[in-house]
Amino acid sequence: MTFAEDLGGAWNLRVDVQGAPSDQARALIGVTVPAAVPGCVHTDLMNDDRLADPFLNDNETAVAWVGRTDWVYGRDISWTGPEHERVDLVFEGLDTVAAIEVDGVALDSTRNMHRTYRYDVTSLVDATPRPLQVRFTSAYTEAERVRDALGPRPNAYPEPFQFIRKMACSFGWDWGPTLVTAGIWRPVRLEAWSTARLATVRPLATYAAGAGRLDLTIEVERTGARPLSAEVLLDGRTIATVEIPANDTAVRVVLPVAAVTPWAPRGHGDPALYDLTVELTDDRGTDLDSWQRRTGFRTVEIDRADGAFVFRLNGSPVLVKGVNWIPDDIFPARMTRARYERRLREAADAGVNLIRVWGGGLYESRDFYEVCDELGLMVWQDFLFACACYPEEEPLSSEVVAEARDNVSRLAPHPSLITWNGNNENLWLHEAMDWADAPGGELTWGERYYLETLPAIVAELDPSRPYQAGSPWSGSWEHEPNDTDHQTFHSWEVWNREDYGNYRASTPRFVAEFGWQAPPAWTTLRDAVSDEPMLPDSPGVLHHQKADDGNGKLARGLAPHFPAPRSTEAWHYLTQLNQVRAIRTGIEHWRSHWPHTAGTILWQLNDLWPVTSWAAIDGAGRYKPLYFALRELHADRALTIQPREGGLVVAVGNDHPEEWTGIVLIERRDTGGAVQATSVMPVSVAARSVALVPVPPDVARCADPASELLVARLGDARALWFATADRDFAYDDAGLTVDVDTVPGGLDVHVHSVGLARDVLLQPDRVHPLAVVDRGFVDLLPGESTVFRVRAPIDLDAGLIKAPWVLTDLATVLRGHGGGR
């Protein structure tokens, strides 16, 4: 059998004297720093108290020298395990430009963060410890060398990320810091084997006509020509024995698999999974190697007829309720399965059914995709190209091919993975930003990758999943790439230049990106910024705002809806509220047009450091109010009041396998709760559909828009409609009363309203940094109550609930106060 020895854990780190261009780097020459593998230089230096926290204030700038320095990782290795014909040194991830030596013998030089590397070191290792060194050249040095050799290319950010196969956002983005890493970022091991090993197992498991189908490719590496056998087991039951002739290195079989339950996405059934095992033996019955994964059977299609873009799983259309995923840590080696599981469960708990892994990040770890498999979260995987023109020449072209082949095969077992996407915004921006006319615009720019190379690789290795050339993409050059009437659309005029009310101006076929900024939780921002006083435009706050004119856009986005904030606390509350208002406007509008608009993918779920951004979960893992709003917006059954030609309608969205029937009650009320007009309408909404109920003109027409609102109900679902902007509405003191009960694990905060209370918010981190709450903004009609459940791993002071800004509502903020009850 194959035996492995993990080489993770304690290593040493030092500066390479030939790549120390700064005073800070030269000061470390001759110093040995304890290092951890997997890891990276930044975290090793921080753990040894040699580097300031780059998340604090503007330390990001002060530590920039690290990314410009060459580094050497080292340790001794030996093989004391069973004797075998081969011993391999396997790196699952090297970041990025690395030269590997064992006992002074050069093995290879790498230049791709996204690949696995394997080297035969049989003649170089034995029971005697011998030095292993990995020398990392600065990613800047390599990227700038390639740029100088191939010529400049346009991109969206002033860094050379498109000239190296590395996580692009480590060079900075409009939500992220510039922290250019180096290190052994994924596991490394010695692996010993004899006769043959399983080099690749690529299962494509599909489902149709009530049965499963397993298209299985097995590739082996050999030390000699012997007949081999591969036993294929599903949940421990043998379903095939595949013979591999003595001179063959690959075999493909297609196996019918009866009596399986299909894998289904959230809201459409159970994500059924099966243990798939391949056991390799030789002609004498000797066990040589084994491979095991969990997989699921499902069939995926994208209906693109007449410009549509509808995902169909196992033949059924799926309303996509998606979020865009960026790397959850700027230092991705710090990610653990527990952290992936927490973040992905948070997405699932918010009603999300699809995660788009964005093209400026990573092909994530096996843990990520396994958790998505288990949770029924569909995964849209970008190939790693984003917001730039990418050269199609060497040394990059062959790396792109090798990287794609590596990852398409690696991720094949995962039923959650439902589509491959060629790039993020490159086809669109090449035209929209006139990159062809920019310096370097006449050179190759990546089009061949997206329209030829990558689709050919997917067609060869993974025909079970649909490929799309880019996002956005209209399907061909016959239409502008970001065309609302054809396939995927990115909605960025809203936020960058337009108010969020303009989301209602179009009905795209599929909205793959849209978003609105807000600052992180108060404590997250306060912990990252030591400005005194902390102001929206103080230096630390602005350093943690990476978007072009981001704070200006926040202010211009507030102006049509709210008066200017009177304090930093009010700015924080109102910008978080405006983010919710914006995203609610977009999702409710687009969902009401299902199936014409077949889904939305919010930009973005998560952050990788403390920053003002579009995320629903901030860089410290705290929830913005937007996170809780997503739970409502993604509910299987939801009401919303929408403007249509001819007047208002109640959109009854039923993303449920059963019909939704009942009585829609529509009332026009004043702020005191008095009913001014009423309509009652029976409704029957088929499964997975939307019905529109007209609001009668006499109900819709407010005598005084500043003091009246519409309320629609169907069962437990409710929708509100205000005919005027918040800044023009007459919000009176709601007469809130607050009672706090100490309960096991935290506090229950009971809030009762005498009048209309809009956007009541409890900020748990203002009670304690570890505290959490179970809801965000809450609207209370006159006489209504709610309970905020605050939980923490320590005892909480109930008196803090009544401190300023812990619990407040919109009317209080607009009056210039911060609550305090």
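Computed from a prediction, not measured in an experiment: that's the story for all the values here.

(A) Spatial organisation of the overall build of the protein chain. If you tally the helices and strands in the protein chain, you get 17 helices and 44 strands. Along the three orthogonal principal directions, the C-alpha set of the protein chain runs to about 85 × 65 × 60 Å. Looking at the protein chain as a whole, 60% of its 821 residues are labelled buried. Considering only contacts within the protein chain whose residues lie at least 6 apart along the sequence, 69% involve residues at least 24 apart.

(B) Summary view of the packing of helix H14 (residues 568–591) against helix H15 (residues 625–633). Two numbers describe how H14 lies on H15: the axes approach to 9 Å, and their chain directions differ by 20°. Looking at the two axes, H14 sits roughly parallel to H15. For the pair H14 and H15, the crossing hand works out as right-handed. Every residue of H15 that contacts H14 at Gln576, Gln579, Val580, Ile583, Arg584, Ile587, Glu588 and Arg591 is listed here: Pro625, Leu626, Ala629, Leu630, Glu632 and Leu633. Looking at the contact of H14 with H15 residue by residue, the classes come out as eight nonpolar, two polar and four charged.

(C) Up close: the nonpolar core. In terms of nonpolar packing, the biggest core is built from 194 residues, with Leu45, Leu89, Phe91, Trp173, Ile184, Phe368 and Phe383 touching the most fellow members. Among the elements that line this core, the one with the most residues is H14, at 10 residues. Not counting residues within four places of it along the chain, the set of residues in contact with tryptophan 173 comprises Tyr157, Phe161, Ala168, Trp358, Ala386, Cys387 and Lys546. Counting residues in hydrophobic clusters, the runner-up holds 29 residues, among them Ala196, Leu198, Ala205 and Tyr207.

(D) Main features of the side chain of aspartate 282. Following the sequence through the fold, aspartate 282 ends up in strand S18 (residues 274–282). At 2.9 Å, the side chain of aspartate 282 and the backbone nitrogen of arginine 284 are in polar contact. A distance of 2.9 Å separates a polar atom in the side chain of aspartate 282 from the backbone nitrogen of threonine 286.

(E) Broad picture of the environment of aspartate 741. Counting through the fold element by element, aspartate 741 comes out in strand S38 (residues 737–743). When the C-alpha atoms of aspartate 741 and arginine 789 are compared, they prove to be 9.7 Å apart, with 48 residues separating the residues in sequence. The residues touching aspartate 741, leaving out its near neighbours within four places in the chain, are Gly746, Leu747, Asp748 and His750. A polar atom in the side chain of aspartate 741 sits 3.0 Å from the side chain of histidine 750.

(F) The packing of aromatic side chains, seen in detail. On inspection of all chains with the given rule, the structure shows 44 aromatic pairs. A ring pair is formed by phenylalanine 55 and phenylalanine 331, whose centres lie 6.4 Å apart and whose planes are at 5°; its orientation type is stacked. Taken together, the residues phenylalanine 55 in the loop between helix H2 (41–47) and helix H3 (59–62) and phenylalanine 331 in the loop between strand S23 (320–325) and helix H5 (337–349) connect sequence positions 276 residues apart. Owing to a relative accessible area of 16%, phenylalanine 55 belongs among the buried residues under this scheme. Note on phenylalanine 331: relative accessible area 1%, which makes it buried. Between the aromatic rings of phenylalanine 309 and tryptophan 380, the centroid separation amounts to 6.2 Å while the plane-to-plane angle is 50°, which identifies the pairing as tilted. Taken together, the residues phenylalanine 309 in the loop between strand S20 (300–303) and strand S21 (310–313) and tryptophan 380 in strand S25 (residues 378–382) connect sequence positions 71 residues apart.

(G) Quick peek at the environment of glycine 621. Take glycine 621: it is sitting in the loop between strand S30 (599–602) and H15. Expressed as a C-alpha distance, the spacing of glycine 621 and valine 690, which sit 69 residues apart in the sequence, is 34 Å. When sequence neighbours within four positions are dropped, the list of residues in contact with glycine 621 reads Arg342 and Arg343.

(H) Quick look at helix H6 (residues 366–375). For H6, a buried count of seven out of 10 residues is recorded, marking the element as mostly surrounded by other parts of the structure. For H6, the complete set of buried residues consists of Phe368, Tyr369, Glu370, Val371, Cys372, Asp373 and Leu375. Where H6 is buried, its residues contact strand S19 (287–295), S23, H5, strand S24 (354–357), S25 and helix H7 (397–411). A positive phi of about 75° marks glycine 376, the residue just after H6.

(I) Region of interest: a negative patch on the surface. Residues Glu431, Asp434, Asp437 and Glu480 make up a contiguous surface patch of negative charge. What makes glutamate 480 partly exposed here is its relative accessible area of 39%.

(J) Representation of the sheet that holds strand S31 (residues 637–644) in the model. One open sheet holds the three strands; their spatial order is S31-S32-S35, and the pairing between them is antiparallel. Every interior strand has two partners, whereas the edge strands, S31 and strand S35 (689–694), have only one. Recorded for the sheet is a direction-independent mean angle of 25° between the axes of neighbouring strands. As paired strands, S31 and strand S32 (residues 647–654) are joined by eight bridges and run antiparallel to one another. Note that in S32 the partner of glutamine 642 across the bridge is valine 649.

(K) Layout of unusual backbone geometry. Between valine 37 and the following residue, proline 38, the backbone shows a cis peptide bond with an omega angle of 0°. Along the chain, proline 38 falls in the loop between strand S3 (33–37) and H2. Geometrically, the link from tryptophan 603 to glutamine 604 is a cis peptide bond, its omega value of 10° lying close to zero. Along the chain, glutamine 604 falls in the loop between S30 and H15. One non-glycine residue, threonine 195, lies in the positive phi region at around 70°. In this fold, threonine 195 is placed in the loop between strand S12 (188–193) and strand S13 (196–208). At aspartate 306, a position not held by glycine, the phi torsion is positive, near 55°. Inspection of the secondary structure puts aspartate 306 in the loop between S20 and S21. Accessibility expressed as a relative area gives 75% for aspartate 306, which makes it exposed.

(L) Representation of the sheet that holds S13 in the model. With antiparallel pairing, the three strands of this open sheet are ordered in space as S13-S14-S17. Strands at the two margins of the open sheet, each flanked by one partner only, are S13 and strand S17 (250–257). Neighbour-to-neighbour, the strand axes of the sheet open up by a mean angle of 15°, direction not taken into account. For S13 and strand S14 (residues 211–222), the ladder comprises 12 bridges, and the chain directions are antiparallel. What sits directly across from arginine 202, in S14, is threonine 217.

(M) Structural detail: the pattern of salt bridges. On inspection of all chains with the given rule, the structure shows 63 salt bridges. Among the ionic pairs, arginine 337 bridges to aspartate 367, the shortest N-O distance being 3.0 Å. Placement of arginine 337 in helix H5 and of aspartate 367 in helix H6 is noted, with a sequence separation of 30 residues between them. Put simply, glutamate 346 and arginine 343 hold a salt bridge, and the shortest N to O gap is 2.7 Å. Taken together, the positions of glutamate 346 and arginine 343, both in helix H5 and three residues apart, correspond to about one turn of that helix.

(N) Broad picture of the packing of H7 against helix H9 (residues 447–461). Packing of H7 against H9 leaves a shortest axis separation of 10 Å and a crossing angle of 35°. For the pair H7 and H9, the crossing hand works out as right-handed. Of the residues in H9, those in contact with Ser397, Val400, Val401, Ala404, Arg405, Val408 and Ser409 of H7 are Arg448, Tyr449, Thr453, Leu454, Ile457, Glu460 and Leu461. Across the contact of H7 with H9, the residue classes tally to eight nonpolar, three polar and three charged.

Analysis parameters
- Residues numbered from 1 in each chain as written.
- Predicted model: local features only at pLDDT ≥ 70, side-chain atom pairs only at ≥ 80, totals over all residues.
- Heavy atoms only, no water.
- Helix = DSSP H or I, 4+ residues; strand = E, 2+ residues; numbered from the N terminus.
- Buried < 20%, exposed > 50% of the residue type's maximum accessible area, 1.4 Å probe, protein only.
- Contact = heavy atoms within 4.5 Å.
- Axes fitted to C-alpha atoms, helices over the stretch in contact; angles between N-to-C directions.
- Parallel < 35°, antiparallel > 145°, perpendicular 65-115°, else oblique.
- Left-handed = near helix turned anticlockwise from the far one by under 90°.
- Nonpolar A, V, L, I, M, F, W, Y, C, P; charged D, E, K, R; others polar.
- Core = buried A, V, L, I, M, F, W, Y, C linked by side-chain atoms within 4.5 Å.
- Polar contact = N/O pair within 3.5 Å; in protein donor to acceptor, adjacent residues only side chain to side chain.
- Phe/Tyr/Trp six-rings, centres within 6.5 Å; stacked < 30°, edge-to-face > 60°.
- Patch = residues over 30% accessible without salt bridge, like charges linked within 9 Å, V, L, I, M, F, W, Y side chains within 5 Å.
- Areas by Shrake-Rupley, 256 points an atom, 1.4 Å probe, with all protein chains shown as cover.
- Salt bridge = Lys/Arg side-chain N within 4 Å of Asp/Glu carboxyl O.
- Lys, Arg positive; Asp, Glu negative; His and termini not counted.
- Charge placed at Lys NZ, Arg CZ, Asp CG, Glu CD.
- Pairing = 2+ DSSP bridges.

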